[in-house]
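# Structural overview for review
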Amino acid sequence: MAASILAAASTRTADACGSNALLFNWSACVAFACCELATPKTLDEAAAIIKRARHRLRVVGTAHSFSRVADTDGVLLSLRGMPNAVHVLRDERTGTATARCSANITYAELCSQLHAEGVALPSMASLPHISVMGAVATATHGSGDGNGCLSTHVLEAHYLDGDGQRRSCGRSHDEFQLLLLGCLGVVVELTLEVEPRPYEVRQDIYLGLPWEVVDARFDELMGSAYSVSLFSRWDEVGGVEQLWRKQRVPAGGELEPAPQSLFGARLADGPTHPLSGVDASCCTSQGAPAGPWHERLPHFRAERDSSAQGDELQSEYFVARAHAVAALRALRALEVQSRGQLGRLLLVSEVRSVAADTLWMSPFGASASVGLHFTWRHDVAGVTAFLPVLEAALAPLDARPHWGKLFTMAPARVRALYPALPRYRELAMRVDPRGKFRGHGTFVDEVVFAP
Ligand SMILES: Cc1cc2nc3c(=O)[nH]c(=O)nc-3n(C[C@H](O)[C@H](O)[C@H](O)COP(=O)(O)OP(=O)(O)OC[C@H]3O[C@@H](n4cnc5c(N)ncnc54)[C@H](O)[C@@H]3O)c2cc1C
């Protein structure tokens, strides 16, 4: 399938998006409902567009979300035409460092610059091609018991409000909470908390991890490395196909060689793609030697063009860590009960751990969580018909969906899972009384703001 990519159209300065010029997301499962695409080249141009868009406006990052979270019935603003910059600031007194970066910069660009400046991020998503603000708005995450989602890296947001006025707000302000789901305004820069020194990571892949070991030793397993992922197809007999372990090299020290077997799984004897049998040349380096953090934390290489892909759909649900093993059992049972329908729609699933945070609309919230991710075949009808069955299986565990991936849960059910949602809604209505950034009948309007 040749995906239609927003990037192809976004070089135009502004464009009517009639039926002849539909704009699609990365996987072409969302056709944006916008009436205009605007790509300002300067901050002043962006401010003028915001003022001119009297009613509705939303920003799109790299359009990698599978949900309609970036969609608007008004102007779709892309910051691709604006220059990207990164400035690292060190506080020699405290030994800490921050980085102020363009909101639309991709992690691939950001992280290579951070590394060159001698600082680092603590975690990254599996793919570095996404924009920083796009990831922040959907609580995008990697894995690791000690790693919060990428939104938790942000210290301060610098944005244009509904009148095109420049504003900033820091973590301690309530308005900061509106960064999630993109309701604060047009974010142009972010100040991130960064690690003051770069570090190295080695990732080792193990094959054939028995489910009984996972069930019995889940916490030990997920805590056994800096970042741990389990790839499976929920086959009770086949077990977890792959265990990915990313270990940080201790400062001034080194890692022990990877043991040949671990948790009953065996060390892979060569580069391994999460989809068994697929060429692993797009994956970041595996095994020894360890390498720079930004070339090991993502599963996929920055230099490989992600726009050539797109032939997949994704969903992900989060449950409290205490429910992790129950969720894994429920999904294996579902594979049996659905007579293999789950497995037929699925390319692969990934289980990751994410630390708790204090963001009102983060799906992780106050408890450490486990992410249950599904990379689906590109079968929109089949997947959307199956998602209610999957969601019913996880409902007793209060599973929350990923904002940037496909789900079919009723908006009222989603709202019930977020105790702080009324505060978010009230604040958004105060900050953006005309509802410019939430739109009308859009994803965010329906899921968060509908009465
Ligand atoms: C191949 C692939 C791998 C993925 N891997 C992971 C993963 O490992 N972990 C994970 O959690 N997710 C993952 N995702 C999901 C992805 O991280 C999210 O969908 C993310 O939001 C995509 O970023 P984007 O720049 O494309 O944002 P978009 O989809 O373009 O936008 C997302 C949201 O951000 C808002 N936004 C973007 N820029 C701005 C701005 N400047 N100001 C205000 N609002 C803005 C938009 O309005 C929208 O609400 C993956 C997706 C793909 C396609």
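Our structure is the block above this text.
Residues numbered from 1 in each chain as written. Predicted model: local features only at pLDDT ≥ 70, side-chain atom pairs only at ≥ 80, totals over all residues. Heavy atoms only, no water.

### Digging into the pairing of strand β6 (residues 96-102)
To be explicit about the condition: Two strands pair under a simple rule: DSSP has to find at least two bridges between them. Helical segments are the DSSP runs of H or I of at least four residues, strand segments are the runs of E of at least two, and each set is numbered from the N terminus.
Of the pairings in the sheet, the one linking strand β5 (residues 86-91) to β6 comprises 6 bridges and is antiparallel in character. Its bridge partner lying in β6, V86 is registered against C101. Between β5 and β6, which pair antiparallel and follow one another directly, the connecting turn spans 4 residues, one of which, G95, has a positive phi of 75°. Here β6 pairs with strand β9 (residues 186-194) via 6 bridges, running antiparallel.

### Observations regarding the layout of surface pockets
Applicable threshold: Any residue with an atom within 4 Å of a point lines the site, the site being either a cavity, points on a 1 Å grid over the protein atoms alone where a 1.4 Å probe fits but cannot get out, or a pocket, an open set with protein on both sides within 12 Å along at least 5 of 7 lines. Grid points are joined across faces, edges and corners, and a volume is the space filled by probe spheres set on the points.
In this structure, the second largest pocket encloses a volume near 400 Å³. S67, R68, F407, F443 and E446 are the residues nearest the centre of the second largest pocket, which is lined by 24 residues in total. Counting residues per element, the ones that place at least two in the lining of the second largest pocket are α9 (380-394) and α12 (443-449).

### Quick word on the sheet that holds β5
Which entries qualify depends on this criterion: Whenever a helix is involved, its axis is fitted only over the stretch in contact; in every case the axis is a line through C-alpha atoms, and angles between N-to-C directions fall within 0 to 180 degrees. Residue contacts follow a heavy-atom distance rule, with two residues in contact if any of their heavy atoms lie within 4.5 Å.
Reading across the sheet, the 5 strands line up as β5-β6-β9-β7-β8 and stay open at both edges, with antiparallel pairing between neighbours. The open sheet has two free edges, formed respectively by β5 and β8 (166-170), since each of these has just one partner strand. Between one strand axis and the next, the sheet turns by 15° as a mean value, whatever way the strands run. The sheet strands contacting helix α2 (residues 43-52) are β7 (154-160), β8 and β9, and the helix crosses β7 at an angle near 65°.

### A look at helix α3 (residues 107-116)
Selection rule: Throughout, exposure labels follow a simple rule: accessible area from a 1.4 Å probe, protein chains only, divided by the maximum for the residue type, with under 20% read as buried, over 50% as exposed, and the rest as partly exposed. Each direction from the helix axis to a C-beta atom contributes to the arc, which is the arc of those directions.
For α3, every residue scored as buried is listed here: Y107, L110, C111 and L114. For α3, the buried positions fall inside an angular range of 90° around the axis, keeping them on one side. Packing partners of the buried residues in α3 comprise β5, β6, α4 (132-137) and β9. Of the residues trailing α3, G118 is marked for its positive phi of about 85°.

### Considerations on the packing of helix α7 (residues 324-337) against α9
How we decide: Put simply, angles under 35 degrees are roughly parallel, angles over 145 are roughly antiparallel, angles from 65 to 115 are roughly perpendicular, and the rest are oblique. Note on convention: near helix rotated counterclockwise from far helix by under a right angle means a left-handed crossing. Clockwise means right-handed.
Packing of α7 against α9 brings their axes to within 9 Å, and their N-to-C directions diverge by 140°. Considering the angle they form, α7 stands oblique to α9. Read as a crossing pair, α7 and α9 show a hand that is right-handed. For the pair α7 and α9, the contacting residues are A327, A330, L331 and L334 in the first and F386, V389, L390, A393 and L394 in the second.

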